[in-house]
Amino acid sequence: MIINRLIVKNWRNFQQINVPLRERQFIVGPNASGKSNLLDIFRFLRDIAKAEGGGLQKAISDRVGVSKIRCLSAGQDTEVAIEIHIADTPDAPATWRYGIGFHHEDHKHRQTYLTHERVWRDGELLLDRPDADDNRDPDRLTQTALEQIAANAKFREIGGFLRNVTYLHLIPQLIRFADSIQGKIIEDDPFGQAFLERIASVHPNTRRARVKKIEHALKTVIPQFEKLEFIRDNAGQPHLRSRYSHWCSNEKGQQENQFSEGTFRLIGLLWSLLESDSIILFEEPELSLNIGIVSQLAPLISRMRRNKRCQVFVSTQSDVLLIEPGIDGTEVLMLTPSEEGTIVKPASDFDDVCVLLKNGFTVGEVVLTKPTEQLSLLE
Ligand SMILES: Nc1ncnc2c1ncn2[C@@H]1O[C@H](COP(=O)(O)OP(=O)(O)O)[C@@H](O)[C@H]1O
Ligand SMILES: [Mg+2]
């Protein structure tokens, strides 16, 4: 399943968003245009749906309240609203639609109240709040049905899907020193210290197959890369070991604490592509990967998720990342700051972009080149 449409009102620096989404979606825009804020919408939905320690109030207080979330340039209509369409493919009609809206918290009780919560399955409205129970007891509107086992029976699939949203931000320093900081594992850290344990917890056959695929992918992007293995040391601790065909590489190879930061992040990304059946959010990977790998990332994402149903969002400011000729204009969301908040549109909505793409330019050349320089592309 993937989210094939996102509709948003008054979220951070966006007054309105209404865009179709693809399985591989790049998000480009200048600094402070809202790339992180856009990715945070999916993390927010995950936080609401979380099985433990989740819920609407926590998701909002983690973001320091509705006043920080609501768009500062919002007009009279101060409701913040999010709606997602979930479908099997980008062009399929939505199997599920989930929407919520909420208002500024009540200062006395420091609670946020829902203005609505709706769920549709195959176009049929299954949940429409506020309902009679909410009207009788308005405090019920401080919780979504999504976060309550007793209330979400008819649409638990949505919660399961959203709970598995993965936000990738590797902290290699933490994995390297996992021994010395053992026991202080950061909550929800998808790859940091918990990464090796996560690999270790998978069935050996599955793990072997995934490690093999990752090894193959690494061979295509890292010169002289030869072997990747999962091992346990004498104390039973899990490790990854790699070997290069380098003259300086020793017989036993390198353990993860000797990997380069970039290699680590790449292994983390590849693992999650093989593992996820939900959404992966990857924030500005060019900041942590070397340029050779960045240029390979887009095709790598397609290849690794080929048989998988996961959806990948990548925010970037790197033209190199978008250099692959196979990237379609619909796969790129362009963020353009304006007085009324940032505008979000697929690159394929811009006529001039389409002309350049038809003329054989790559998305990277077109969307990350300044308008003045674009003219020279056409000459
Ligand atoms: N509630 C809000 N209303 C309007 N703008 C906001 C709000 N919250 C954050 N911003 C703005 O969003 C911008 C940061 O967006 P961010 O997602 O970090 O950008 P990027 O990741 O593209 O660099 C900042 O300029 C900040 O002022
Ligand atoms: Mg950012």
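Shown above is the structure to which this text applies.
For the structure given in this document, a descriptive report is provided here.

Examining the overall build of the protein chain
So, step 1. When you go through the protein chain residue by residue, the secondary structure sums to 13 helices and 15 strands.
So, step 2. Each of the 379 residues in the protein chain was classed as buried or not, and the buried ones make up 38%.

Thoughts on the site of ligand 1
So, step 1. Taken together, the neighbourhood of ligand 1 is formed by 15 residues, with Asn 13, Lys 35, Ser 36, Asn 37 and Leu 72 sitting nearest.
So, step 2. Looking at the shell around ligand 1, the elements that each hand over two or more residues are helix H1 (35–49) and helix H3 (66–69).

Notes on the packing of H1 against helix H5 (residues 156–163)
So, step 1. The contact between H1 and H5 brings their axes to 8 Å, and the two run at 120°. Considering their axes alone, H1 and H5 lie oblique with respect to each other. The two elements H1 and H5 cross, and the hand of that crossing is left-handed. Here Leu 45, Arg 46 and Ala 49 of H1 lie close against H5, whose contacting residues are Gly 159, Leu 162 and Arg 163.

Some points on the pairing of strand E2 (residues 14–20)
So, step 1. Here strand E1 (residues 2–11) runs beside E2; their pairing, made up of six bridges, is antiparallel. Bridging across to E2, Arg 5 finds its partner in Pro 20.
So, step 2. With antiparallel pairing between neighbouring strands as the criterion, E1 and E2 make up a hairpin whose turn holds two residues, including Arg 12 at a positive phi of roughly 50°.

Scoring rules and cut-offs
Along each chain, the written sequence defines residue order, and numbers are assigned to residues from 1. Chain letters start at A and ligand numbers start at 1, both assigned in the order the entries are written. Under the rules for a predicted model, residues below a pLDDT of 70 receive no local features and side-chain atom pairs below 80 are neither given nor counted, while totals for whole chains, interfaces and linings still include all residues. A helix here means a DSSP run of H or I that spans at least four residues, while a strand means a run of E at least two residues long, and both kinds are numbered starting from the N terminus. We call a residue exposed when 12 or fewer other C-beta atoms sit within 10 Å of its C-beta, buried when the count reaches 20 or more, and partly exposed for counts in between; the C-beta positions come from the backbone. Using a C-beta atom placed from the backbone, a residue is described as near a molecule or strand when that atom lies within 6 Å of it. Fitting a line to C-alpha atoms yields each axis, with helices limited to the stretch in contact; the angle taken between N-to-C directions then spans 0 to 180 degrees. Throughout, the term roughly parallel applies to angles under 35 degrees, roughly antiparallel to angles over 145, roughly perpendicular to angles from 65 to 115, and oblique to all others. Take the far helix as the reference: if the near one is turned anticlockwise from it by less than a right angle, the crossing is left-handed, and if turned clockwise, right-handed. This entry defines residue contacts through backbone-placed C-beta atoms, with two residues in contact when those atoms are within 7 Å. Strands were regarded as paired on the criterion that DSSP finds at least two bridges between them.

Without other data, these values stay purely geometric and don't point to any function.
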